[in-house]
Structure formats: structure tokens, C-alpha cells
Amino acid sequence: MKGLLTIAFLCLFIAAGLVQTIKPQLLWKMNRPLQEPFVKDYKSTEPSPAGYVMMRVVGGIVLMVALTMLILVLR
């Protein structure tokens, strides 16, 4: 029972890592409204293609770490 919350959080991290690896534009679009109060022209702040590649790399790392942790928790 105590590992249930850990498993739930790891599943959320796995889902976020998958989305960030497969389609990072979706994650960026979801976070755009949070930028509005802080950025003058937030519509022109979309990441470059290299930025999207970096988001995919980080998403892959998060995905691998979360999957590894989930496997260790389920043992």
C-alpha cells in the first residue's frame, strides 16, 4: 500500500517523458499560458529546432530513469 503513491508519481513521470520524447511541441503549447505574465511577446518565444531536440533528449532521460525506478519499486 505504501508504494502506491510512488507508483502513481512514476507513472505520471513516464507519461510526461513519453509526451516530451514523442511530441515536445504539445508540452510547450500546454505551458504557453504560464509564460504570458512573464514574457513581453510570448507568442514569439517558441523554441528552435535544436531546442526541440534538446527537449526530446531530456524527455528520453526522464523516461529511462522513471522506468528504471518503477522496475525497482515493483520488485
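First things first, this report covers the structure right here in the doc.

Rules used throughout
Residues numbered from 1 in each chain as written. Predicted model: local features only at pLDDT ≥ 70, side-chain atom pairs only at ≥ 80, totals over all residues. Heavy atoms only, no water. Axes fitted to C-alpha atoms, helices over the stretch in contact; angles between N-to-C directions. Helix = DSSP H or I, 4+ residues; strand = E, 2+ residues; numbered from the N terminus. Parallel < 35°, antiparallel > 145°, perpendicular 65-115°, else oblique. Left-handed = near helix turned anticlockwise from the far one by under 90°. Nonpolar A, V, L, I, M, F, W, Y, C, P; charged D, E, K, R; others polar. Contact = heavy atoms within 4.5 Å. Buried < 20%, exposed > 50% of the residue type's maximum accessible area, 1.4 Å probe, protein only.

Digging into the packing of helix α1 (residues 4–22) against helix α3 (residues 49–74)
Working step 1: Between α1 and α3, the shortest axis-to-axis distance is 8 Å and the interhelical angle comes to 155 degrees. By the angle between their directions, the pair α1 and α3 is classed as roughly antiparallel. Taken as a pair, α1 and α3 cross one another with a handedness that is left-handed.
Working step 2: Grouping the amino acids of the contact of α1 with α3 by side-chain chemistry returns 16 nonpolar, 6 polar and 1 charged.

Quick notes on the packing of helix α2 (residues 24–35) against α3
Working step 1: Contact geometry of α2 with α3 gives a least axis separation of 9 Å together with a crossing angle of 100 degrees. Between α2 and α3, the angle falls in the class roughly perpendicular. When α2 is examined against α3, the residues Pro24, Gln25 and Trp28 are found in contact with a partner set consisting of Tyr52, Met55 and Arg56.
Working step 2: Of the residues assigned to the contact of α2 with α3, the class counts are 4 nonpolar, 1 polar and 1 charged.

Here we look at the environment of Ile7
Working step 1: By the secondary structure assignment, Ile7 is in helix α1.
Working step 2: You can call Ile7 partly exposed: its relative accessible area is 24%.
Working step 3: Expressed as a C-alpha distance, the spacing of Ile7 and Asp41, which sit 34 residues apart in the sequence, is 39 Å.

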